[in-house]
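Residue-level listing of the chains:
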Amino acid sequence: MPATTTIDADLFRSLLRRHAAGVVVITAGGHPRPAGFTATSFTSVSLDPPLVSFCLDRRSSSWPALEQAAHVGVHVLTESQEELARRFATSGIDRFAAPLRWHPGPHGVPVLEGALAVLVCRVAERVHAGDHAIVLAEPIHGEHSDGAPLLYHNGRYLKAA
């Protein structure tokens, strides 16, 4: 039987860009500062018990805080929060600096103001998968408002139709 090979990274990235996804910002308390990043890998996993998941590159500057965090915040962004998504996707900046509006939520999790939905979650498990970690988390607090979500497709942020 011939050996199988995987597709190269550029083709893989190009294929996955065809998948539209909602945009979230994940936050965690950290010392000396909180940490956070933009993700499109967020999904529900289970209803019983309630579980969600997201993925993070373990080479990310946010990984040390997420690796240690007992609780995280998941913020589903509205279609008007593209700038917030870009801020939390940018390396080398203080993502929590003014004019960002946020406050400490349950368990010290940074809660960003204005999100479509916020889930504060207890981290249940971290699974190493290649260069990423899959984080499984159990929602313990949630709130939401009305509005349309921010989407990401083919390398661009989009507003829901």
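Heads up: the structure comes first, above all this text.
Our subject in this report is the structure included herewith. Small disclaimer: the values here were computed from a predicted structure and weren't measured.

1. A few points about the overall build of the protein chain
And then number 1: For the protein chain, the helix and strand inventory stands at three helices and 12 strands.
And then number 2: Over its C-alpha atoms the protein chain spans a radius of gyration of 16 Å, differing by no more than 12% from the 15 Å that the globule rule assigns to 161 residues.
And then number 3: Dimensions of the protein chain, computed from C-alpha atoms along their principal axes, come out at roughly 55 × 35 × 35 Å.
And then number 4: Total accessible area computed for the protein chain in this model is approximately 9,600 Å², and 54% of it derives from carbon and sulfur atoms.
And then number 5: The distance from the centre of the 14 positive side-chain charges to the centre of the 15 negative ones in the protein chain is 6 Å.

2. Overview of the side chain of Arg95
And then number 1: Mapped onto the secondary structure, Arg95 falls in the loop between helix H3 (82-89) and strand E7 (102-104).
And then number 2: Contacts of Arg95, omitting those with residues within four sequence positions, involve Gly36, Phe37, Ser61, Ser62, Arg87, Phe88, Ala89, Thr90 and Leu100.

3. Some thoughts on the packing of aromatic side chains
And then number 1: For the coordinates displayed, the defined rule picks out four aromatic pairs.
And then number 2: Among the aromatic side chains, those forming a connected cluster through ring pairs are Phe88, Phe96 and Trp102.

4. Details of the pairing of strand E3 (residues 35-39)
And then number 1: Counted residue by residue, E3 has five buried out of five residues, so it is predominantly covered.
And then number 2: Side chains Ala35, Phe37 and Ala39 of E3 all project onto a buried face; the interleaved residues Gly36 and Thr38 project onto the opposite face, where all are buried too.
And then number 3: The pairing of strand E2 (residues 24-28) with E3 spans five bridges and is antiparallel. Bridge pairing links Ile26 to Phe37 in E3.
And then number 4: Connecting the antiparallel pair E2 and E3 is a turn made up of six residues.

5. Some words on the sheet that holds E3
And then number 1: Taken together, seven strands build an open sheet; the order of strands is E3-E2-E6-E9-E10-E5-E4 and the sheet is antiparallel. Two strands in the sheet have a free side with no partner beyond their single neighbour: E3 and strand E4 (43-47). On average, adjacent strands in this sheet sit at an angle of 35 degrees to one another, irrespective of strand direction.
And then number 2: Relative to strand E9 (residues 117-129), strand E6 (residues 71-76) runs antiparallel, the two sharing six bridges.

6. Structural notes on the pairing of strand E11 (residues 150-153)
And then number 1: Bridge count between strand E1 (residues 21-22) and E11: two bridges; the pairing is antiparallel. Across the sheet, the residue bridging to Ala21 is Tyr152, located in E11.
And then number 2: Pairing of E11 with strand E12 (residues 156-159), which is carried by four bridges, proceeds in the antiparallel orientation. By the bridge assignment, His153 is partnered in E12 with Arg156.
And then number 3: In textbook terms, the turn of a hairpin is the stretch between consecutive antiparallel strands, and for E11 and E12 this stretch comprises two residues, one of which, Asn154, has a positive phi near 55 degrees.

7. Comments concerning unusual backbone geometry
For residues besides glycine, phi is generally negative; the peptide bonds are generally trans as well.
And then number 1: Between Asp48 and the following residue, Pro49, the backbone shows a cis peptide bond with an omega angle of 5 degrees.
And then number 2: In this structure, Pro49 sits in the loop between E4 and strand E5 (50-57).
And then number 3: In this chain, Ala98 is followed by Pro99 through a cis amide linkage whose omega measures 15 degrees.
And then number 4: Inspection of the secondary structure assignment puts Pro99 in the loop between H3 and E7.
And then number 5: Although it is not a glycine, His107 sits at a positive phi angle of roughly 60 degrees.
And then number 6: Within the fold, His107 resides in the loop between E7 and strand E8 (110-112).
And then number 7: The exposed category is assigned to His107, whose relative accessible area is 54%.
And then number 8: In this model, Asn154 sits at a positive phi of 55 degrees, which is unusual for a non-glycine residue.
And then number 9: By the element assignment, Asn154 lies in the loop between E11 and E12.
And then number 10: When its relative accessible area of 31% is taken as the criterion, Asn154 is described as partly exposed.

Conventions used here
Residues numbered from 1 in each chain as written. Predicted model: local features only at pLDDT ≥ 70, side-chain atom pairs only at ≥ 80, totals over all residues. Heavy atoms only, no water. Helix = DSSP H or I, 4+ residues; strand = E, 2+ residues; numbered from the N terminus. Rg over C-alpha atoms; globule rule 2.2 N^0.38 Å. Areas by Shrake-Rupley, 256 points an atom, 1.4 Å probe, with all protein chains shown as cover. Lys, Arg positive; Asp, Glu negative; His and termini not counted. Charge placed at Lys NZ, Arg CZ, Asp CG, Glu CD. Contact = heavy atoms within 4.5 Å. Phe/Tyr/Trp six-rings, centres within 6.5 Å; stacked < 30°, edge-to-face > 60°. Buried < 20%, exposed > 50% of the residue type's maximum accessible area, 1.4 Å probe, protein only. Pairing = 2+ DSSP bridges. Axes fitted to C-alpha atoms, helices over the stretch in contact; angles between N-to-C directions.

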